[in-house]
Amino acid sequence: MSEHTAQLSVRTGSWCLYVALMGVPVSQWPEYDFGPGPVVPTPAERSRALTELGFAFTDGAEWEWTEYSETPDDDASPVRLLASIGVCSRDGGAP
């Protein structure tokens, strides 16, 4: 079973969930756009989005949040949030 990392971040004013696939161009990574709005998608909404993309959480996986600066080494830079979780293909194989 192939394990991957799903990530949730804000892109151009919308929360976007995508699955990072090693060896695959970023432009071909599966992604789900939650639409405009500042509200973070709920865990249930994220789960449904992953299901639509053909993935499921790995056993025991939990969302991990990371904070980072939009401009590295600039304390006045806006802060961005990135959430990550382990996932696998729902059919057990590679997507």
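Described below are features of the structure shown in this document. Computed from a predicted model, the values in this text were never measured in an experiment.

When its secondary structure is counted, the protein shows 1 helix and 6 strands. Listing every helix and strand of the protein by position from the N terminus yields β-β-β-α-β-β-β. Dimensions along the principal axes, computed over C-alpha positions, put the protein at roughly 45 × 25 × 25 Å. Relative to its full complement of 95 residues, the protein shows a buried share of 32%. Counting only carbon and sulfur atoms, one obtains 50% of the accessible surface of the protein, whose full area is about 6100 Å². Side-chain charges in the protein split into 5 positive and 14 negative, and the spacing between the mean points of these groups amounts to 8 Å.

Here we take up the environment of Asp59. With respect to the helices and strands, the residue Asp59 is situated in the loop between strand 4 (55-57) and strand 5 (64-69). Looking at Asp59, the relative accessible area reads 82%, which means it is exposed. Through-space distance from the C-alpha of Asp59 to that of Cys88 is 9.6 Å; in sequence the pair is 29 residues apart.

Looking at where Gln7 falls in the secondary structure, it is placed in strand 1 (residues 3-11). Of the polar contacts made by the side chain of Gln7, one reaches the side chain of Ser84; its length is 3.4 Å. Dropping the residues within four chain positions of it, Gln7 is found in contact with Cys16, Leu17, Tyr18, Leu82, Ala83 and Ser84.

What follows concerns the nonpolar core. Ranked by size, the top nonpolar core spans 18 residues in total, and within it Ala6, Leu17, Val19, Leu50 and Val87 carry the most contacts. Contributing elements (two or more residues each) for this core: strand 1, strand 2 (14-20), helix 1 (43-53) and strand 6 (79-89). For this core, the leading source of residues is strand 2, giving 6 residues.

A word on the pairing of strand 6. Of the strand pairs in this sheet, strand 1 and strand 6 are connected by 7 bridges, and their pairing is antiparallel. Each bridged residue has a counterpart across the sheet, and for Glu3 the counterpart in strand 6 is Cys88. Bridging between strand 5 and strand 6 involves 6 bridges; their strand directions are antiparallel. Residue pairing for strand 6: Thr66 is matched across the bridge by Leu82.

What the rule picks out here adds up to 1 salt bridge. Its salt-bridge partner being Glu70, residue Arg80 comes within 2.0 Å of it at the nearest N-O pair. Highlighted residues: Arg80 in strand 6 and Glu70 in the loop between strand 5 and strand 6, separated in sequence by 10 residues. You can call Glu70 partly exposed: its relative accessible area is 43%.

Criteria and cut-off values
Residues numbered from 1 in each chain as written. Predicted model: local features only at pLDDT ≥ 70, side-chain atom pairs only at ≥ 80, totals over all residues. Heavy atoms only, no water. Helix = DSSP H or I, 4+ residues; strand = E, 2+ residues; numbered from the N terminus. Buried < 20%, exposed > 50% of the residue type's maximum accessible area, 1.4 Å probe, protein only. Areas by Shrake-Rupley, 256 points an atom, 1.4 Å probe, with all protein chains shown as cover. Lys, Arg positive; Asp, Glu negative; His and termini not counted. Charge placed at Lys NZ, Arg CZ, Asp CG, Glu CD. Polar contact = N/O pair within 3.5 Å; in protein donor to acceptor, adjacent residues only side chain to side chain. Contact = heavy atoms within 4.5 Å. Core = buried A, V, L, I, M, F, W, Y, C linked by side-chain atoms within 4.5 Å. Pairing = 2+ DSSP bridges. Salt bridge = Lys/Arg side-chain N within 4 Å of Asp/Glu carboxyl O.

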